[in-house]
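Secondary and tertiary structure notes
These are the residues of each chain, in order.
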Amino acid sequence: MTTTHPEPLLSLEHAQKSFGAVHALEDGDIELFGGEVHGLVGENGAGKSTLVKILAGVHRPDGGRLVLNGEDAIFDNAKQSQAAGIAIIFQEPTLFPDLSVAENIFVGMQPLKHLRRIDGRRMRREAAAVFEQLGVRLDPDRLARGLSIADQQLVEIAKALTTNARVIVMDEPTAALAGTEVDRLFGIVESLRSRGNAVLFVSHRLEEIFEISQRVTVMRDGRHVLTKPIDELTIQSVIRAMVGRDMDALFPKVTTEPGPVVLEVNRLTREGVFTDVSFNVRSGEIVALAGLVGAGRTEVARAIFGIDRWDAGAVEISGRRLPPGSPTAAMRAGIGLVPEDRRQQGLVMDFSIERNIALASLDNIRRAGLIPRGAERSFAKDWALRLQLKYGKLTNPVWTLSGGNQQKAVLAKWLARKPTLLIVDEPTRGIDVGTKAEVHRLLSELATQGVAVLMISSELPEVLGMADRIVVLFEGRVMREFPRAEATEDALMHAATGMVEEAA
Amino acid sequence: MTVVAGEQKIVRPHVSSRAFAEVMFRFRELGIVLALVLVVGATTIDNHLFLSATNVQQVLSAASIIALLAIGETIVIITRNVDLSIGSVLGISAYATGQLYVHHPHVPLGLVFLLALGIGVGCGIVNGLIVTVARVPSLVVTLGTLYIIRGIDGAWAGGNQVNASMLPDSFNKIGYGTIAGVPYLGIIAIVAVAIATYAMRSFRTARDFYAIGSDPDAARVAGIPVGSRVFLAFVLSGAIAGVAGAVWLSYYGSVDAIAGDGYEFQVIAAVVVGGVAIFGGSGSVLGAALGALLLGTINSALVVVNVSSFWSQALAGGLLVGAIAFDRLIAVRVAPALRTRRRARV
Amino acid sequence: MSDLGFQPHDEPPATEAPGRSGIGLFVRWEVLLLVLLGGTIAYGAAVSPYFLNSTNLFYISLNVGEVAIIALALTLIVVTGEIDLSVASILGLSGVFMAELFTHGWPIWPAMIMAVVLGAFLGAINGFLVTRMGLPSLAVTIGTLTLYRGIAQGILPTDTIGGFPTGLASIGVVPIPHTHIPYSIAFFLALAVVFGIVLHATPLGRAIFAIGAGQEAAFFAGIRVKRIKFWLFVLSGTLSGFAGVLWTLRFASARYDAGVGMELLVVTMVLLGGISIFGGRGTIAGVIVAVAILGSLQTALTADLIPAQDQNIVVGVLLVASVIIPNGGELYRRARARLRSAEARRHAAAAKAEGQ
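Reference entry: report on the structure contained in this document. The numbers attached to residues start from 1 for each chain and follow its sequence in the written order. Whichever chain is written first becomes A and whichever ligand is written first becomes 1, with later ones labelled in order. Two thresholds apply to this predicted model, a pLDDT of at least 70 for residue-level local features and 80 or more for giving and counting side-chain atom pairs, whereas whole-chain, interface and lining totals are computed over all residues.

**Things to note about the overall build of chain B**
The following threshold applies: Think of it this way: any DSSP run of H or I at least four residues long counts as a helix, any run of E at least two long counts as a strand, and we number them from the N terminus. Neighbour density around each residue's C-beta defines its exposure: 20 or more other C-beta atoms within 10 Å make it buried, 12 or fewer make it exposed, and counts between make it partly exposed, where C-beta atoms are placed from the backbone. Contact between two residues is assigned whenever their backbone-derived C-beta positions fall within 7 Å.
If you tally the helices and strands in chain B, you get 13 helices and 2 strands. Out of the 346 residues in chain B, the part that is buried amounts to 52%. The long-range share in chain B, meaning contacts at least 24 apart out of those at least 6 apart in sequence, stands at 79%.

See below:
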């Protein structure tokens, strides 16, 4: 590697960003030089995404300094970041499906000819030239609708090239790509680098980072941990830097004697989403579904609960088969689902706290077909108390609650139905540490009461701290199943990145 | 398949779906032309007078007015909105034009059309402002202005009527005149559709309409001024409806308070049949104009084959429902193909 | 936008605001409506000394009966966030259908029942297209508005059909014995009570609100979104068909253009009644008051010798106003936010200039 640029193209120093009480980024540091591919790694929640969004102009940092080409810069919006020569390639780009590929590249800045007419020929020619440069075949005239994610990323990269972006940030670009597509992308990244651009490459897949980067920055808990040239690092040392923290007492795990099998998932397949997924959950047991984002964890949970249909396989609850695609049937069988997206799926945000808590239990509350207001209120109050919900008035809209208390309201809604199987998808996402511990204690308690708990989490400590067994998914398939005793962060990380063989 | 080089292997799987999408895209305009040929052919076999010069001229003239309105409605629908008020705008503009001649018989033609345009633009501004500034769904706004404008028209016209005899011949001639057998109205519509088709392809603003309808949030992120573009779409739609009012008067020769009543449904039917997606983002002015021609032709054919013309509204409604259902079915057919493709990657 | 897993969600207060938005912060919408009703009655009484006498009140309610019944069904649909513009056409087609059956020798009662059944069927077509085919209800019902009316016109283009048994036909124009209440409005009131209870006090009503307020969350809570929507469209069709029967009896004749343009009045009643066009918000009580307002307003305007055509201006303005006003608070907030950000930008620019 030749470091011919003494001055970095971009440097972010001590960037901070909080959302309410949550410090997403406490000390974000990154330096990008022209002609380097810079890997950025860290666990979920380490602050990578926030850092990327600050560079993209989506978030404005609360503190710290962004220096671009030696000058201070602040971005209020995405447009300014683009104008400053930064291009972001997201995991799933948003293109206009009804416009052609060439138009997507040039939207809002189409080349013009006489009378301010769009020079379509030049636009197509330039688009084709860019694809030529990238060494890919993509017809500039075809519609963006139906493009694969890999090709959509290409369109975004082409856009970056036509705007002469110097800094290109790729936010988990390979998360949804297959092997050959990854190879093609790496070829492009290499050619961008050789042309003197700086590429920030964010990825969960460490082997990719080692294949392509010259330097690596590791983040943890919103802080910069280390930045080193790649040849001074090994996969093991990076993993250690990523997870290297003491296990805190956040996880009041109580060991229970598991009872009979409650949930039996047998060779469940939804085409193109997950394949041949089998596992079970026993009464009194917490089973974690682990894996990277996009590995199919949430999708499996949605299918079990009947939100999506499955194409093959079977789901049994206490030996009885569930019909596919019916949340009503799943609920009747005793399943509750605390979904991933609290605001869209977990709660009716405009409804009051009490109505949200009672929403799934109205059939039990009603008398002679009517909902007695008093009964509904005392029902909701009872559950709010049990979960120590902090609220002003039960009639306030549920959006007045803090994130943690919103999550408790969702939990209350399902616990009130006395489920035999509770599925919790990212139960502690976006909630404060105190409430987090409460949620963990609650899940543990539920298990001791004989409830079967299926937990999805992107936080390895949470998975390790709470689960009796861990099922790791990779690209829609079960990669490995760990009993509690055999699970370590390294082993899980390896399995989740599809490196199970090398792990031993 | 596996022997091809890596690069090609990635491109290859998309070819079939791409071809499919392309076919569906082209298919619509071709399909309409085909349907036109079928209707004309079948009707002519039944009654050869259907292709007589007068009948063809009549069909063309009547369809031209709908086609004009369809240009504006297409623009609005492409931005994921709808303008229900065009029939009323046409009505009030037609009546105003008539009144202008009643009071100033010698007013120059250009001024007449300028007035019609002005009225249309005014109505479009009202619609556009309420939709974009107050952020009220365009359906509700234009349903309201549909009746408000019609009401103003009614209050103004009362039971009065303007007749062809009160209009100068130079004006009436626009309605009935022909060049080489082609009615003026047909020429006006063809020219307007040609200009609009070209403009919708060639200007950034026009491409913004498509981007907005395709994904409003992405449009905002891409820095497109969504509000002012949607506003412009309503102004254009109003302007076209205003001019169409004057054209309408020249063709029908007399105007009262109910001119253009119910046109909005015919126009929307024509636009949707012509392949403009009701969800916004795609479609062409040419398709919409062909849709108008098809609708007009079928209406005329009904009369020729002795089906009461009173069925024409049912026909428009049936075609409208059929077209959106058809579009949806195709989209649903395509979706599993996309899903399976994703699986191939995994 | 990609999300890398655990990530604190940015919680912008603006998206949390709908509950607080609008003038609802200061006054309940229903209170405003009562004031408006009072104003309308005062206007009517000022125009005509007979406005408040019982015969006039009878005619007010008679005029508004069919629309009011349809408005109840539409209320439920709008609460779920959908719309049905085809109601007036269903009314027209059902009336024509009933009359056709009658002239073809059907006894009147079965003909009436079949008309209502037809209405249900037409509503089911709407419901099928919206819920099973996933089409936007706006586009579907604009289409069926045209289609159903067109079929009515095709069946009965120019003439009218009358000659119904006088005893039965008279229930369209006479009050319930010993009262001044028309049959249609009695039915409306009974139905309003039922709908009010269902919407505001039963699990089904709660589900309807939940669908409108957060369709996805409702589905995740086990509410059968599609099924409920489908049956609401059937209900809307049924009541529109029933209203068609009442209309035909009231005018003692069936015409294809019965109730043309009535969708404006129905939609206005619902939205003026405080039902949010975006779904999830509103009360039956509000709609009842809105029915009273529009009913008395029309009669008052007629008494003021304002022709029906012009009255549409008033109705249209009310419609547009009733969707703009609840947005008022939001508009104000947006304008203020825009001013503020402009100011912040100026400050930033000034600071930058100083720094250099």
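**Points about helix 11 (residues 263-273) of chain B**
Because each turn of an α-helix spans 3.6 residues, side chains separated by three or four positions end up pointing in the same direction. All names here are of chain B. Most of helix 11 is tucked away: 11 of the 11 residues are buried. For helix 11, every residue scored as buried is listed here: Tyr263, Glu264, Phe265, Gln266, Val267, Ile268, Ala269, Ala270, Val271, Val272 and Val273. Gly275 sits one or two positions beyond helix 11 and adopts a positive phi of about 95°.

**Here we look at helix 10 (residues 226-252) of chain B**
Inclusion rule: For a helix, the expected span equals 1.5 Å multiplied by the number of residues minus one.
Here helix 10 of chain B is 27 residues long and its end C-alpha atoms lie 38 Å apart, about the 39 Å a rise of 1.5 Å per residue gives. Counting buried positions along helix 10 of chain B gives 23 out of 27 residues, so the element sits mostly inside the fold.

**Quick word on the interface of chain B and chain C**
Contacts between chain B and chain C engage 37 residues on the former and 36 residues on the latter. At the level of elements, helix 5 (138-157), helix 11 and helix 13 (312-345) of chain B are the ones that each hand at least two residues to the side of chain B that touches chain C. The leading source of residues in the side of chain B that touches chain C is helix 5 of chain B, at 13 residues.

**Overview of the pairing of strand 19 (residues 421-425) of chain A**
All names here are of chain A. Stated precisely, the cut-off is as follows: Strand pairing requires that DSSP identify at least two bridges connecting the strands.
Taken across its 5 residues, strand 19 has 5 buried, putting it largely inside the fold. Burial of strand 19 is two-sided: the residues Leu421, Ile423 and Asp425 facing one way and the residues Leu422 and Val424 facing the other way are all buried. Direction of pairing for strand 18 (residues 335-338) relative to strand 19: parallel, over a ladder of 4 bridges. Directly across from Ile335, in strand 19, lies its bridge partner Leu421. Pairing between strand 19 and strand 20 (residues 452-456): 5 bridges, direction parallel. Each residue of the ladder has a partner; that of Val424, found in strand 20, is Met455.

**Focus on the pairing of strand 15 (residues 286-290) of chain A**
For a regular strand, the rule is simple: side chains alternate between the two faces of the sheet. Residues and elements named next belong to chain A. In terms of burial, strand 15 is largely enclosed, as 5 of its 5 residues are buried. Because side chains alternate across strand 15, one face comprises the buried residues Ile286, Ala288 and Ala290, and the other comprises Val287 and Leu289, equally buried. As defined by bridge partners, strand 15 adjoins strand 20 across 4 bridges and the pair is classed as parallel. Bridge assignment links Ala288 to a residue of strand 20, and that residue is Met455. The pairing of strand 15 with strand 21 (residues 469-474) spans 4 bridges and is parallel. Bridging across to strand 21, Ala290 finds its partner in Val472.

**Comments concerning the sheet that holds strand 21 of chain A**
The strands making up a sheet associate through backbone hydrogen bonding, with each pair oriented either parallel or antiparallel. Residues and elements named next belong to chain A. What counts here: Only the stretch in contact is used when fitting a helix axis, every axis being a line fitted to C-alpha atoms; angles between N-to-C directions are given from 0 to 180 degrees.
Pairing is mixed across the open sheet formed by 6 strands, whose spatial order is 18-19-20-15-21-22. If you trace the sheet from one side to the other, it starts and ends with strand 18 and strand 22 (477-483), each paired once. Between one strand and the next, the sheet's axes are offset by a mean angle of 15°, whatever the strand orientation. The strands that helix 9 (residues 297-305) touches are strand 15, strand 18, strand 19, strand 20 and strand 21; relative to strand 19, the one it contacts most, it runs at about 145°. In this fold helix 18 (residues 489-496) packs onto strand 15, strand 21 and strand 22, with an angle of close to 30° to the strand it touches most, strand 21.

**Considerations on the environment of Val398 of chain A**
Residues and elements named next belong to chain A. Tracing the sequence through the fold places Val398 in the loop between helix 14 (373-386) and helix 15 (403-415). For the pair Val398 and Ile357, spaced 41 residues apart in sequence, the C-alpha separation works out to 9.6 Å. When neighbours within four sequence positions are excluded, Val398 is seen to be in contact with Leu347, Met349, Phe351, Ser352, Ile353, Asn356, Gln406 and Ala409.

**Here we look at the environment of Ala96 of chain B**
All names here are of chain B. In this fold, Ala96 is placed in helix 3 (residues 86-103). A tally of 23 C-beta atoms within 10 Å means that Ala96 is categorised as buried. When the C-alpha positions of Ala96 and Asp153 are compared, they lie 8.8 Å apart, and in sequence the two are 57 residues distant.

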